[in-house]
Amino acid sequence: MNFEGLDPGLAEYAPAMHSALDPVLDAHLNPSLLQNVELDPEGVALEALPVQESVHIMEGVYSELHSVVAEVGVPVSVSHFDLHEEMLWVGSHGGHATSFFGPTLERYSSFQVNGSDDIRQIQSLENGILFLTKNNLKYMARGGLIIFDYLLDESEDMHSLLLTDSSTLLIGGLQNHILEIDLNTVQETQKYTVETPGVTIMRQTNRFFFCGHTSGKVSLRDLRTFKVEHEFDAFSGSLSDFDVHGNLLATCGFSSRLTGLACDRFLKVYDLRMMRAITPLQVHVDPAFLRFIPTYTSRLAIISQSGQCQFCEPTGLANPADIFHVNPVGPLLMTFDVSASKQALAFGDSEGCVHLWTDSPEPSFNPYSRETEFALPCLVDSLPPLDWSQDLLPLSLIPVPLTTDTLLSDWPAANSAPAPRRAPPVDAEILRTMKKVGFIGYAPNPRTRLRNQIPYRLKESDSEFDSFSQVTESPIGREEEPHLHMVSKKYRKVTIKYSKLGLEDFDFKHYNKTLFAGLEPHIPNAYCNCMIQVLYFLEPVRCLIQNHLCQKEFCLACELGFLFHMLDLSRGDPCQGSNFLRAFRTIPEASALGLILADSDEASGKGNLARLIQRWNRFILTQLHQDLQELEVPQAYRGAGGSSFCSSGDSVIGQLFSCEMENCSLCRCGSETVRASSTLLFTLSYPEDKTGKNCDFAQVLKRSICLEQNTQAWCDNCEKYQPTIQTRNIRHLPDILVINCEVNSLKEADFWRMQAEVAFKMAIKKHSGEISKNKEFALADWKELGSPEGMLMCPSIEELKNVWLPFSIQMKMTKNKGLDVCNWTDGDEMQWGPARAEEEHGVYVYDLMATVVHILDSRTGGSLVAHIKVGETYHQRKEVSEGVTHQQWYLFNDFLIEPIDKHEAVQFDMNWKVPAILYYIKRNLNSKYNLNIKNPIEASVLLAEASLARKQRKTHTTFIPLMLNEMPQVGDLVGLDAEFVTLNEEEAELRSDGTKSTIKPSQMSVARITCVRGQGPNEGIPFIDDYISTQEQVVDYLTQYSGIKPGDLDAKISSKHLTTLKSTYLKLRFLIDIGVKFVGHGLQKDFRVINLMVPKDQVLDTVYLFHMPRKRMISLRFLAWYFLGPKLFHLCFP
């Protein structure tokens, strides 16, 4: 409100308006009575001045209910009803804030906001209160604690604020700009310039921002750009107040007279539909404040500074009978506010008193207020006495002071063992008879156990391996997730938090700050994500797979190539392998090997993930080897056959991974049988020696490759089964050495742990010189070894712990078909020099490229992660300008990707981090292979093709295929729409507060894809309208949205143009690669379900094209009605 230039004769207001001056009290108040208790002359405390008992409050008629003193003698500058709790906030000219609870106005809190300036506006939020002073914005809790204090420029003179949404605030004042503040970051995000300075009042509707200026104007501004849309010149002097309701804008203010400014008794009212003034409203009081109070009608409350209040309709005549008088203690009313429920009015006067007027005896300030938190009284002195002589007295009744020291009951981890009380499994009879309604299941009680009684077993018959998979738990440090205190945060199982918008507001960048793409884990059987990443970062494998294309519908090599292409295109956004895993589930061998996990087993972690991923590793290499051996390629896909990778007789997978061997069986009769074979990977075989002596990894690897064992076998010479000695000799070493660690029991885990301890002690001795064998070191002594005082440069102690695996190994074929294996270090390379090459000496050096580890966590069921050394070519393709351009180790934990130190890749704490798979590659491997990629998808995929449906006829064709002269070019427009069916229902839980939390989203499958020409003579005619055949069980066809009916996707009975997903996928991939631009509504979800990665510059999505910031997304139905008109709209949406 602007009081500048007011006629001094309007009211005799003392200089107590300014906090710098002494407060002026009424002459009839006795100052001696106000020393300890605030009293009036009659002896009644000013803390609460109740209305006389004879006053009766009538329903619907406003009457005074209570009056209180906020601060004696200091004028009230602003009042505000809390929008969340039953509270009234009052600010004074001395910068003091006071809150009162409920209609009885009990004092709740009181604190100083600013020491020198008055409080000019108050705004309540969910977690606190905003206070605006001259050049300061302060956010404080309702109890008085400061949440943030935002200082503005000293030249600012702020008067008004407006909360546009829950996190954005506008602040205006006497300067020529308005500031936009982000409450989450507490930073200025925008500065809007205003043509007319002096914005003292701001309001908002769903159409405009309204700004009231000191010059008497009211400007209407656009919600998005803040530009002036219209302006009303209301008063010639100054603006006092205005309010907006519906289509009406009412203003009051001052007009210029010869003697100065005079209060204008005409309210200027404007119709916002026609943007013009209507008949002014003459009132019988001098209006200083006005508010709409829309209860039964849109009536106006007009208040003068002398205390007169009049109600009238904005389009009618003012009646003098509707005037009532507020009895202020001081000469002037300074502030006025209306509660959100319209049941209460608050007035503040110049002597610090607040008057509450209500229209009911028990009013509420808000329609739905939450409970107010009060300070609890101290109960320490009121505790009952305890009789110490009683033997049965529970010691838990004795109050214990809070302490941060270790309690006596906190046993060390070495002397305690976890004994978790696990919930029993659900009875099989309940699961069999359960019926689901939505996501809630109902089943009759089988009466197999007593109510609320569950047998508790201290020991469960778990496997031997579970004994070291448990995470020890101690009461020490129970602040947050004590069961994960051993597992590093980045290694924990990551989950996606779903909201109402699905994945759109989930921040994947928080987990992945690199430009490499992660993989989403919510798809069934996504435990293999880490192995997919390992295969992708093998350069020859990636190029080979992306050059492959065949006619087979469910080809894992093709689907893996499509997935690798998406990983190439992604710039840090996660991808999902839904199509690859869909083809994986259709392979009979995968099901026979137990690689297909049920959803319940995957969620509960019942499957042994370490064994599972090792079987999957063997399966995928074998499957890729078989897929790439098929050289018969159809005419449409002949681009793949011309790749330099293809060779006759064997696949490139065999050249990369296969190891040729001779298996010799020697019977005790002397008969020897030799047969040749090959393997794609090796499994570690551990020695039986338990003495704890040092055993290099190279020795164990040699023992596993050149395996020798005694077994019963058939002897042709003896013609019966005889004990034989079977040995394995190597004829040719692979380029990529794949090793399954087979750490599946406690014995293998102890072997790794013991060898890591021995290697740790040897490393310490190596870097510390000659040390006696019986001497033990303290950790402080070990740390000094790498310090400048120790005069030795060595790795830190943390880098040497739990390390047994070498980064490089050397393998050499001997003349007598033997194999020499030893650990290889950088010092060996400096000693022998680069001349010791494999071409001259037959020596091969293998470098560690990836390790796949099993993370043990009993609460989440565990997970699988990978450490991968990413080569220089991958960094160059991602165009990392400021990052690394050399080889770098990364941790891949589904969609969490983080650079790590190379020592972390070989450190295995067997309590929670168990190795599963190792990948070693020959040095300079990439130079042996042609790494060029030729896109195998040709334009012939867009030509006409036969339908899979037996009943499909030409009369049912809904599209015209592209001709050769219609092939799309770069930048051509293509309209796209896709329809889906549901394979698995959404899994969600209902919280106690009634909100719904999505645990697992519904699994969708594409059922129909339509593409429409965007130019040419056949513009608007579809050239693709494919129904996708599916072999998986459909839970919901979503017919009301998709139009898909049962039978449309069945090749036996469908009358639609039915194709395979791979066939239609190739068409869309060709359109993306050629550079067309897709036009549609909600294409992000369509491409996600189809499992396509499309560059953003090739997508024109109407969801985002017509989206306004901080507003909801507009539906296609509304856009069609708006742009096509009602007639065409009803044709499209009958």
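Keep in mind it's a predicted model, so treat the numbers as computed, not measured.

## With respect to the overall build of the chain
- Check the secondary structure of the chain and you find 22 helices and 54 strands.
- Per-residue burial for the chain yields a buried fraction of 46% across its 1134 residues.
- Sequence-distant contacts, at least 24 apart, represent 59% of the contacts inside the chain between residues at least 6 apart.
- On the chain, roughly 59500 Å² of surface is accessible, and the fraction owed to carbon and sulfur atoms is 52%.

## Observations concerning helix α8 (residues 609-627)
- In this model, α8 (19 residues) spans 26 Å end to end at C-alpha, consistent with the 27 Å of a helix rising 1.5 Å per residue.
- α8 sits mainly inside the fold: 14 of its 19 residues count as buried.
- Between a side-chain oxygen at the N-terminus of α8 and the backbone nitrogen of A610 the separation is 3.2 Å; the capping residue is N608.

## Quick look at the sheet that holds strand β51 (residues 1022-1028)
- Taken in spatial order, the six strands make up an open sheet running β52-β51-β50-β47-β53-β54, and their pairing is mixed. Each edge of the sheet is formed by a strand with only one pairing partner; in this case those strands are β52 (1058-1059) and β54 (1099-1101).
- Judged from the two bridges that link them, β51 and β52 form a sheet pairing that is parallel. Within β52, the residue paired with Y1027 across the bridge is L1058.
- Here helix α20 (residues 1083-1090) sits on the sheet and contacts β47 (973-984), β50 (1003-1013), β53 (1077-1080) and β54; the angle it forms with β47, its principal contact strand, is near 60 degrees.

## Considerations on a nonpolar patch on the surface
- On the surface, L1105, F1106, F1118, W1121, Y1122, F1123, L1124 and L1128 cluster together into a nonpolar patch covering about 840 Å² of accessible area.
- Per element, the largest residue contribution to the nonpolar patch is six residues, and it comes from helix α22 (residues 1116-1132).
- Within the secondary structure, L1128 sits in helix α22.

## With respect to the packing of aromatic side chains
- Using the criterion set out here, one finds 43 aromatic pairs in the structure.
- For the pair Y536 and Y874, a centre-to-centre distance of 5.5 Å together with 65 degrees between the ring planes defines the contact as edge-to-face. Placement of the pair is Y536 in helix α2 (residues 529-536) and Y874 in helix α17 (residues 872-877), with a sequence separation of 338 residues.
- Members of the aromatic cluster, joined through ring pairs, are F516, Y536, F537, F564, Y874, Y890 and F892.
- Of note, R203 hangs over the ring of F242, and the distance from its end group to the ring centre comes to 5.5 Å.
- Lying across the ring of F807, K902 places its NZ or CZ 5.1 Å from the centre.

## Some points on unusual backbone geometry
- Backbone geometry places K342, a non-glycine residue, at a positive phi of 65 degrees.
- In this structure, K342 sits in the loop between β29 (333-338) and β30 (344-349).
- Although it is not a glycine, E719 sits at a positive phi angle of roughly 55 degrees.
- Its place among the elements puts E719 in the loop between β37 (708-715) and β38 (720-732).
- For E719, a relative accessible area of 60% gives the class exposed.

## Some remarks on the sheet that holds β37
- Judged by pairing direction, the sheet is antiparallel, and its four strands sit side by side in the order β35-β34-β38-β37 without closing on themselves. Looking along the sheet, the strands with just one partner apiece sit at the ends: β35 (672-679) and β37. Each adjacent strand pair in this sheet contributes to an overall mean axis angle of 35 degrees, direction not counted.
- Pairing between β37 and β38: eight bridges, direction antiparallel. When the bridges of β38 are listed, Q712 appears paired with P723.

Definitions and cut-offs
- Residues numbered from 1 in each chain as written.
- Predicted model: local features only at pLDDT ≥ 70, side-chain atom pairs only at ≥ 80, totals over all residues.
- Heavy atoms only, no water.
- Helix = DSSP H or I, 4+ residues; strand = E, 2+ residues; numbered from the N terminus.
- Buried < 20%, exposed > 50% of the residue type's maximum accessible area, 1.4 Å probe, protein only.
- Contact = heavy atoms within 4.5 Å.
- Areas by Shrake-Rupley, 256 points an atom, 1.4 Å probe, with all protein chains shown as cover.
- Expected span 1.5 Å × (residues − 1).
- Polar contact = N/O pair within 3.5 Å; in protein donor to acceptor, adjacent residues only side chain to side chain.
- Pairing = 2+ DSSP bridges.
- Axes fitted to C-alpha atoms, helices over the stretch in contact; angles between N-to-C directions.
- Patch = residues over 30% accessible without salt bridge, like charges linked within 9 Å, V, L, I, M, F, W, Y side chains within 5 Å.
- Salt bridge = Lys/Arg side-chain N within 4 Å of Asp/Glu carboxyl O.
- Phe/Tyr/Trp six-rings, centres within 6.5 Å; stacked < 30°, edge-to-face > 60°.
- Lys NZ or Arg CZ within 6 Å of the ring centre and 35° of its normal.

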